[in-house]
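Coordinates in review
What follows is each chain in one-letter form.
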Amino acid sequence: MSERREDIAVLAEYFVEQLCPDNPHELDDAVRQYLLIREYPGNVRDLKQLVTRIVQHHVGPGPITAGDIPEDERPEGGDAFKNCYEVALESAVHSALASGVSLKEIERAAGELAERIVIEEEKGNLQRAAARLGITDRALQMRRATRRHNGAGGVATV
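Let me begin by describing the structure that accompanies this report. Keep in mind that what you see is a predicted model, and the values were worked out from it rather than measured. (Residues numbered from 1 in each chain as written. Predicted model: local features only at pLDDT ≥ 70, side-chain atom pairs only at ≥ 80, totals over all residues. Heavy atoms only, no water.)

**Examining the overall build of the protein chain**
When you go through the protein chain residue by residue, the secondary structure sums to seven helices and zero strands. Mapped from its N terminus to its C terminus, the protein chain presents α and β elements in the order α-α-α-α-α-α-α. When the 158 residues of the protein chain are sorted by exposure, 30% land in the buried category. Partitioning the intrachain contacts of the protein chain with sequence separation of at least 6 by distance along the chain shows that 53% fall at a separation of at least 24. Here the protein chain has roughly 10100 Å² of accessible surface; of this, 52% comes from carbon and sulfur atoms. (Helix = DSSP H or I, 4+ residues; strand = E, 2+ residues; numbered from the N terminus. Buried < 20%, exposed > 50% of the residue type's maximum accessible area, 1.4 Å probe, protein only. Contact = heavy atoms within 4.5 Å. Areas by Shrake-Rupley, 256 points an atom, 1.4 Å probe, with all protein chains shown as cover.)

**Notes on the nonpolar core**
Ranked by internal contacts, the top residues of the largest apolar core, which has 19 residues, are Leu27, Leu35, Leu47, Val51 and Ile64. Counting residues per element, the ones that place at least two in this core are helix H1 (6-19), helix H2 (29-37) and helix H3 (44-57). For this core, the element with the highest residue contribution is H3, accounting for five residues. One finds Val118, Ile119, Ala129 and Leu140 within the second-largest nonpolar core, a separate group that totals six residues. (Core = buried A, V, L, I, M, F, W, Y, C linked by side-chain atoms within 4.5 Å.)

**Comments concerning unusual backbone geometry**
Across the chain, the bulk of peptide bonds are trans and the bulk of non-glycine residues have phi less than zero. The backbone of Lys123 shows a phi angle near 55°, a positive value even though the residue is not glycine. Positionally, Lys123 belongs in the loop between helix H5 (103-121) and helix H6 (126-133).

**Describing the packing of H5 against helix H7 (residues 137-149)**
Where H5 meets H7, the axes come as close as 12 Å, and the angle between the chain directions of the two elements is 120°. When you trace H5 past H7, the crossing you get is left-handed. Of the residues in H7, those touching H5 at Gly111, Glu112, Glu115 and Ile119 are Leu140, Arg143, Arg144 and Arg147. When the residues that make up the contact of H5 with H7 are grouped by side-chain class, the tally is two nonpolar, one polar and five charged. (Axes fitted to C-alpha atoms, helices over the stretch in contact; angles between N-to-C directions. Left-handed = near helix turned anticlockwise from the far one by under 90°. Nonpolar A, V, L, I, M, F, W, Y, C, P; charged D, E, K, R; others polar.)

**Examining the pattern of salt bridges**
Counted by the stated rule, this structure contains 12 salt bridges. For Glu115, the salt bridge identified is with Arg147, shortest N-O distance 2.6 Å. Of this pair, Glu115 sits in helix H5 while Arg147 is found in helix H7, placing the two residues 32 residues apart along the sequence. For the residue pair Glu115 and Arg147, the accessibility class agrees, reading buried in each case. Each of Arg108, Glu112, Glu115, Arg143 and Arg147 takes part in salt bridges that share partners, so that together they form one network. (Salt bridge = Lys/Arg side-chain N within 4 Å of Asp/Glu carboxyl O.)

**Here we look at the environment of Gln33**
With respect to the helices, strands and loops of the structure, Gln33 is situated in helix H2. Classification of Gln33 as partly exposed rests on a relative accessible area of 32%. With 24 residues separating them in the primary sequence, Gln33 and Ala9 have C-alpha atoms 8.9 Å apart.

**A few points about the side chain of Asp46**
Take Asp46: it is sitting in helix H3. The buried charged residue Asp46 lacks any salt bridge partner; its closest oppositely charged side chain belongs to Arg45, at an N-O distance of 4.7 Å. When sequence neighbours within four positions are dropped, the list of residues in contact with Asp46 reads Tyr40 and Pro41. (Lys, Arg positive; Asp, Glu negative; His and termini not counted.)

**Focus on H1**
Because the α-helix completes a turn every 3.6 residues, residues three or four places apart line up on one side. Every buried residue of H1 is listed here: Ile8, Ala12, Phe15 and Val16. All buried residues of H1 lie within an arc of 100° about the axis, which places them on one face of the element. Among the exposed residues of H1, those pointing more than 90 degrees away from its buried face are Glu6 and Val10. Packing partners of the buried residues in H1 comprise H2 and H3. (Arc of directions from axis to C-beta.)

Here it is as structure tokens:
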């Protein structure tokens, strides 16, 4: 497949439609980028297996994102994977700015979203969640209490 890179996105979308005929999901830019830079020793068969695993990992409505790529598929500290996330983040920030969202609102929404995701992944354990976020568990508790007190219980989307 290295000589037919332009076919990867088309094939991936086709596989997603096959796997989810009643509710096909769109691949976001970060996933497309990842699929384009990854090697496929088994050619189309490897691509189909990877797309199947990504779709199985995807939960809920909305596009399939880089977070749906299984952990064991993610290169450790690789610049290529970092670029996938940067593409997705850049796209989200671009959309927010185009919609008139301020930098302060973007920062707040991104922080709240990161907290919510990590707390969910750590199954409510605030100590582990805080460690992953690089803050103390007390700081995390205070941030959450402040939001509840100010009536900002929901997370804005970026």
